[in-house]
Structures are given as C-alpha cells and as structure tokens.
Amino acid sequence: MNAAAHDGNQMQKIFVGVALAGALAGGLAPRRGLAQTATVNVPLSIFGEVRTRGEWDQPGGALHANVYTYLRSRLGVRAEPARGVRIVAQLQDSRVFGAETNSTISNPDAFELHQGYVELATNWRSRDLVVRVGRQEVMFANERLVGAVDWSNTARAFDGVRVFLTPGGAKAGTERWTASAFVAAVEERGRKFGATTASGTAQDSLPNHNVAGLYASRALTGGMAELTALYDAGMHYRTFIQSNRATLDARIRKGAGKPIGFEVEGAWQTGSQRYQAAGAAVAEAQDVNAWLVGARLTRPAAPNRRVTAALGVDMLSGDANPSDGSYSAFNTMFATNHPFYGLMDLFLDPAARTVDRGLIDALVSTAITLPPRTTLRVELHHFAPQAGSRAEIGWEMDVTVPVRISTIALFETGYTAFRAGPAALAMGLGTNNSVRQWMYAQLKASF
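This one's a predicted model, so the numbers in the text were calculated from it and none came from an experiment.

Visitor: Would you mind going over the pattern of salt bridges in detail, with residue names and values included?
Guide: Here the structure, examined in full by the defined rule, presents 20 salt bridges. A salt bridge links R74 to D150, with the shortest nitrogen-to-oxygen separation between them at 3.8 Å. Within this pair, whereas R74 is found in strand β2 (residues 66-82), its partner D150 is found in the loop between β5 (127-136) and β6 (158-167), the two being separated by 76 residues in sequence. For E187, the salt bridge is made with R189, and the minimal N-O distance between the two is 3.1 Å.

Okay, structure coming up:
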C-alpha cells in the first residue's frame, strides 16, 4: 500500500471514530427545535490520554543504535443513561513517528476501538453485582497472569464478559473482599470469521482460542490475600499446538505502612499440548506441569517515608528437553511482564526467550522520593536459567526518574543496561560480557 492510500485509510478511520463519538453524544443529548414528549438528561463524561515516548536502543555487536518515537492517543466517552447502566467507548490511535511514509510491512500504526462495553449494576443479596459485556481491559492482582500491558503502545483488551461481586455499598479500593470472573474469545477460528492456516486451508476444524478466569481477594491486617485461576484453551504458540492449560496462583502480602513487609506468591500450571517439530508430520503429545514462585522482603511505602526498597527472587520452572512427552516450562499467559523481569523487556515471554529453560531472577530495588515531585528508582537483576545448565544469563541495571509535572501530566526518563553472561548467546542476548543499552523519555497527559 502506498503512503497516500495508507493516509486515506487512516483519515477514514479517524473520521468514522469522530462521527461515532459525535453520534453518541448527539443521541444522548436532547435535540432543540424538535417536538418531544419527554426530555432525558444523560450524565456524560469524556476521558482521554496522549502519551509520547522516545527510545534509544543499542543492542551491541554489529547492530547500530536506533532512535524512534511512539505516540498513543486515546479518547473515551462514558454515559449513564439509566440507574445501573453504563456505556463506555474508548478509541485508540497507536503510531510511530515517521512510519507512515515508509514501505515496511511491520507498520505499527493502528486506529481501533480499545474498549467498548455496556455495564449493568444491581444489588444482589446485600452485595453489589456488576456485569460488563464487550471489549475491555482485564487486570487481576499484580497482573502476573492477566494484565493490560499498559507500557505497550497498544495495550491489551479482551472481547468477552466479566462479572464483579463486592460487599454492598463498599468504596472501591477499600472492600473487605472482592470476587470477579471473566470469559473471553482470544482467536475466532470458525467457518464464518476464522482465518486460514499457512497452507491456505480453512481453520474451522480447529477449536477457538478462549480463556476464562476467576479472581478473589481478601483484606488482611496490613495486607491482602489474592487467588487467581485461569483456564486457557486452544492456544497455539511457537512449535506447540492445541495447548490447554489451567493455572492457579496464590499471593499474600503483609506489612503495609510497617518498617518491614513481605510478599510471597506461588503458581501451579497443568494441562496438555502437542509439540510439532518443523517439517514433522506427527505432533508429540505432552503433559504440562510447571510452576512459579516469588518472594519479596520489603520496606513498604508509608507517610513521610522517603526511601522504600525490596529484595527478592522470582523462579519460573523450565524444561531441559521440551520436545519429549512432558513439558515443564512455565507460561506467563496474558501477564504484564514489564514490571517483573527488568525494564529492558528481554523476558516478555520468559519461556520463549530462555528456549524453555525457565528463569531465576534475583533482584534488589529501591525508590527515593526527591522533593518536590520527583522519585529516583534503581533496580538490579541477576538472571539464570532454572533447568539445564545453570550458567548465568546476565545482569541488568534499571534507573528511572518519574517527575510529576501536574495532576494530569507525568514526565519520566530511564536508562537500562544488560551485561550478557555465558548462557546469553544461545538465547539471542549477545556474546559473553557484551553490553546492550536502552534509554527512554516519556511524557503522558491524561484526564
């Protein structure tokens, strides 16, 4: 597609989006000059965001450094036409500066409906019950298994149904307990809307890729207990097909406002899948049994406390022989991995990056409040595989400085460096002792 045609399509999409927003606002507002039997005043609010982030990436070796800039723009409408009914529509445009004028096939520009749902709320047996249907972000607990991946320039949303249950009349964020469940379609493979396989044949004989999840939390004195259950059916990834996995995650954190706190988390993953080697006619059936454990010793945030810190470890099980009848590399599913395994995002998919060897991430972090509106954050990670050879993958240091400009605007800059170890080369992370670097500067305004 040439640049002119691409620009035309983008302008058409923008025009359609603006027209839809205008039609929604116009339809909800009373019209003047027309005969009306009744006037309905609908509470209507607009929300939005513009975020731009420039990045400098120096992978080392023979590759040169690269500089590029992302832009993400969001505009949303929230309407409450009747008691207990809410309608939300949020448009999103994601692009890279200058990408529209080149002919690369991996053009990252996208204009789409990021969220669009109807929400119905009622009181049920002295509890608040909410049902949300449509495209929506889903975040469970610390997003270890299910998250919105907001750091990405497009973020993640699911097409499905979610149910919330909380104590009646409780203020959001202060509930004694919460419960939530969702079901979503990740990939439609049916006859009418499914895609075709690489060979050009229809996929309608394959099951859809669907996901279902449960989440529950219980407030503790100075902390929280959380439980997440996830079932992912019909997933195909890398050389694995027909993957059906159930994952159970439990997390306890204590010590809020105290001098010392802690956090422990564990997850177990089980199921089945098939391993399909390149060119192989027959796929190997596999039983899936994998695990994750994490622990943190913390100095939590507290009023007038300028320095917080954490010392911890995350361990994700691996598999030294991922092509036999059992598979034990933990899959982080739909997680937001950016906050966990280093800000350079070398391990967005830990199993894939480590060639199914799993990951041991030992870390230490600190955050120092610098008046009036600045924070200095420093993290240090040491990476090693969990299965097979224990030769280290490498070290990563992350330094970030967020500055609160106003109540709606935040500027943030950061620098990260990764020093490769002996195991890094097999994972595409550079030769032993090589250094890769990455920097960014981000400005975000939202309302």
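Picking up after the structure, the text goes on.
Visitor: Account for the pairing of strand β10 (residues 240-254), with residues named and values stated.
Guide: Pairing of strand β9 (residues 223-237) with β10, which is carried by 13 bridges, proceeds in the antiparallel orientation. For M235, the partnering residue across the bridge sits in β10 and is S243. With antiparallel pairing between neighbouring strands as the criterion, β9 and β10 make up a hairpin whose turn holds two residues, including R238 at a positive phi of roughly 45°.

Visitor: Break down the confidence of the model for the chain for me, with residues and values.
Guide: Should pLDDT be low for a region, the predicted coordinates there are not to be read in detail. Here the chain averages 89 in pLDDT, and 87% of its residues register 70 or above. Taken as a whole, residues 1-8 scores under 50 in pLDDT and shows eight contacts with residues more than four places along the chain or in a different chain. pLDDT under 50 marks residues 18-35. Its contacts with residues more than four places away, or in other chains, come to 12 contacts.

Visitor: Tell me about the side chain of D93, and please be specific about residues and values.
Guide: The topology assignment puts D93 in strand β3 (residues 85-96). Separated by 2.7 Å, the side chains of D93 and R95 make a polar contact.

Visitor: Explain the packing of aromatic side chains to me, using residue names and the numbers behind them.
Guide: The description of an aromatic ring pair uses the distance of the two centres, along with the angle that the planes make with each other. Enumeration according to the criterion identifies 14 aromatic pairs in this entry. Seen from their ring centres, F140 and F182 are 5.6 Å apart, and the 75° between their planes marks the pair as edge-to-face. With F140 in the loop between β5 and β6 and F182 in strand β7 (residues 177-187), this residue pair connects regions lying 42 residues apart in the sequence. Classification of F140 as buried rests on a relative accessible area of 2%. Measuring from centroid to centroid gives 5.1 Å for W151 and Y440, while their planes differ by 80°, and the two rings are edge-to-face.

Calculation notes
Residues numbered from 1 in each chain as written. Predicted model: local features only at pLDDT ≥ 70, side-chain atom pairs only at ≥ 80, totals over all residues. Heavy atoms only, no water. Salt bridge = Lys/Arg side-chain N within 4 Å of Asp/Glu carboxyl O. Helix = DSSP H or I, 4+ residues; strand = E, 2+ residues; numbered from the N terminus. Pairing = 2+ DSSP bridges. pLDDT = per-residue confidence, 0-100. Contact = heavy atoms within 4.5 Å. Polar contact = N/O pair within 3.5 Å; in protein donor to acceptor, adjacent residues only side chain to side chain. Phe/Tyr/Trp six-rings, centres within 6.5 Å; stacked < 30°, edge-to-face > 60°. Buried < 20%, exposed > 50% of the residue type's maximum accessible area, 1.4 Å probe, protein only.

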